[in-house]
Amino acid sequence: GDSVTQMEGPVTLSEEAFLTINCTYTATGYPSLFWYVQYPGEGLQLLLKATKADDKGSNKGFEATYRKETTSFHLEKGSVQVSDSAVYFCALSEGQTGFQKLVFGTGTRLLVSP
Amino acid sequence: SQTIHQWPATLVQPVGSPLSLECTVEGTSNPNLYWYRQAAGRGLQLLFYSVGIGQISSEVPQNLSASRPQDRQFILSSKKLLLSDSGFYLCAWSAGQPNSPLHFGNGTRLTVT
């Protein structure tokens, strides 16, 4: 079945450092890809998405590019802030009929220190 | 704008007691609705989804059930809780179009003692 693999955390960085969180996927079709963020004690929020190969999703300084040839969707940010500390989830969906069944990775915790 | 409400935020229940978690969505009609569980140190597991009133699909066999008595109301229930039911439960909705993202509630942290 479909699956998503994320790098294990926690990822610990100093403020203004460069961030990469790796995500690779396995899917039988052509999925849409998502990054969600979960702040402490809260639900998940959509951070960005990409729906086809070579699309780049971006939001709040975060970016991820849909790489079909490497089946990857790595999350990057040029300069992290303390407020970016959260758990980040990569997910895929092959909702062809309007129903979105998301498959999530296990999440990567990011800790940013001042 | 659309909003999703989920309650309670935290819940401590003894083993063998019943459970009822409620989720409601405002500002949209005929949403797809979902219940996910996030166990400690693990990813999110889809428990149930619904594409319409009274239409419930279960993803994994378990001690829980779900119901959708109204278009924008989704309820997660159990008749007798197990210790293994502890976790963080998340309700979510999406529009009916392909590639629509999921929008999550703030979750309910359930501890079964």
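Whatever comes next refers back to the structure up there.
Residues numbered from 1 in each chain as written. Chains lettered and ligands numbered in written order. Predicted model: local features only at pLDDT ≥ 70, side-chain atom pairs only at ≥ 80, totals over all residues. Heavy atoms only, no water.

K.L.:
Would you mind showing me how to read the overall build of chain A here?
P.N.:
The secondary structure content of chain A amounts to 0 helices and 12 strands. Along the three orthogonal principal directions, the C-alpha set of chain A runs to about 45 × 30 × 20 Å. For chain A, buried positions account for 46% of its 114 residues. Partitioning the contacts of chain A with sequence separation of at least 6, the portion at a separation of at least 24 is 56%. Summing over all exposed atoms, chain A offers an accessible surface of approximately 5300 Å²; the carbon and sulfur share of this is 48%. (Helix = DSSP H or I, 4+ residues; strand = E, 2+ residues; numbered from the N terminus. Buried < 20%, exposed > 50% of the residue type's maximum accessible area, 1.4 Å probe, protein only. Contact = heavy atoms within 4.5 Å. Areas by Shrake-Rupley, 256 points an atom, 1.4 Å probe, with all protein chains shown as cover.)

K.L.:
Mind showing me how you'd approach the sheet that holds strand β7 (residues 56-59) of chain A here?
P.N.:
All names here are of chain A. Taking strand neighbours across the sheet as the criterion, the 4 strands line up as β3-β9-β8-β7 in an open arrangement whose pairing is antiparallel. Both outer strands of the open sheet, β3 (19-21) and β7, are each paired with one neighbouring strand and no more. Within this sheet the neighbouring strands show an average axis-to-axis angle of 15°, counted without direction. Sheet topology places β3 next to strand β9 (residues 75-77); 3 bridges connect them, and they run antiparallel. Bridge pairing in β9 links Ile21 to Leu75. (Pairing = 2+ DSSP bridges. Axes fitted to C-alpha atoms, helices over the stretch in contact; angles between N-to-C directions.)

K.L.:
Quick question: what am I supposed to make of the sheet that holds strand β1 (residues 3-7) of chain B here?
P.N.:
Residue and element names in this part refer to chain B. Read across the sheet, 4 strands follow the order β1-β3-β8-β7 without closing on themselves; strand pairing throughout is antiparallel. The sheet is open, and its two borders are formed by β1 and β7 (65-70), each paired with just one other strand. Within this sheet the neighbouring strands show an average axis-to-axis angle of 20°, counted without direction. In this sheet, strand β8 (residues 73-78) lies alongside strand β3 (residues 19-26) in antiparallel orientation, the contact comprising 6 bridges. Residue Glu22 lies in a different strand from β8, and its bridge partner there is Ile75.

K.L.:
I'm lost on the interface of chain A and chain B in this one. Help?
P.N.:
It is common to give the size of an interface as the accessible area that goes away when the parts come together. Taken together, the contacts link 23 residues of chain A with 25 residues of chain B. Carbon and sulfur atoms make up 57% of the surface buried where chain A meets chain B, a total of about 1700 Å² over both sides. Applying the counting rule to chain A against chain B returns 3 residue pairs in polar contact (both at pLDDT 80 or more). Put simply, the parts of the chain that give the side of chain A that touches chain B at least two residues each are β5 (32-38), β6 (44-50) and β11 (102-104) of chain A. Broken down by element, the side of chain A that touches chain B gets its largest block of residues, 4 residues, from β5 of chain A. Per-class residue counts for the side of chain A that touches chain B are 8 nonpolar, 12 polar and 3 charged. (Buried area = accessible area lost by both parts, 1.4 Å probe. Polar contact = N/O pair within 3.5 Å; in protein donor to acceptor, adjacent residues only side chain to side chain. Nonpolar A, V, L, I, M, F, W, Y, C, P; charged D, E, K, R; others polar.)

K.L.:
Sorry if this is basic, but what is going on with the side chain of Thr108 of chain B here?
P.N.:
In this structure, Thr108 of chain B sits in strand β11 (residues 108-112). Setting aside residues up to four positions removed in sequence, Thr108 of chain B forms contacts with Gln6, Trp7, Pro8, Ala9, Leu21, Gly87, Phe88 and Tyr89 of chain B.

K.L.:
So what exactly am I meant to see when it comes to the packing of aromatic side chains here?
P.N.:
A ring pair, where both rings are aromatic, is described by two values, the distance of the centres and the angle of the planes. Tallied over the full model, the rule gives 11 aromatic pairs over all chains. Taking 5.6 Å as the distance between ring centres and 85° as the angle between the ring planes, the aromatic pair formed by Tyr36 of chain A and Phe104 of chain B counts as edge-to-face. Taken as a pair, Tyr36 of chain A in strand β5 and Phe104 of chain B in strand β10 (residues 103-104) lie in two separate chains rather than in one. As far as burial versus exposure is concerned, Tyr36 of chain A and Phe104 of chain B are alike and both buried. Members of the aromatic cluster, connected to one another through ring pairs, are Phe34, Tyr36, Phe89 and Phe104 of chain A together with Tyr34, Tyr36 and Phe104 of chain B. (Phe/Tyr/Trp six-rings, centres within 6.5 Å; stacked < 30°, edge-to-face > 60°.)

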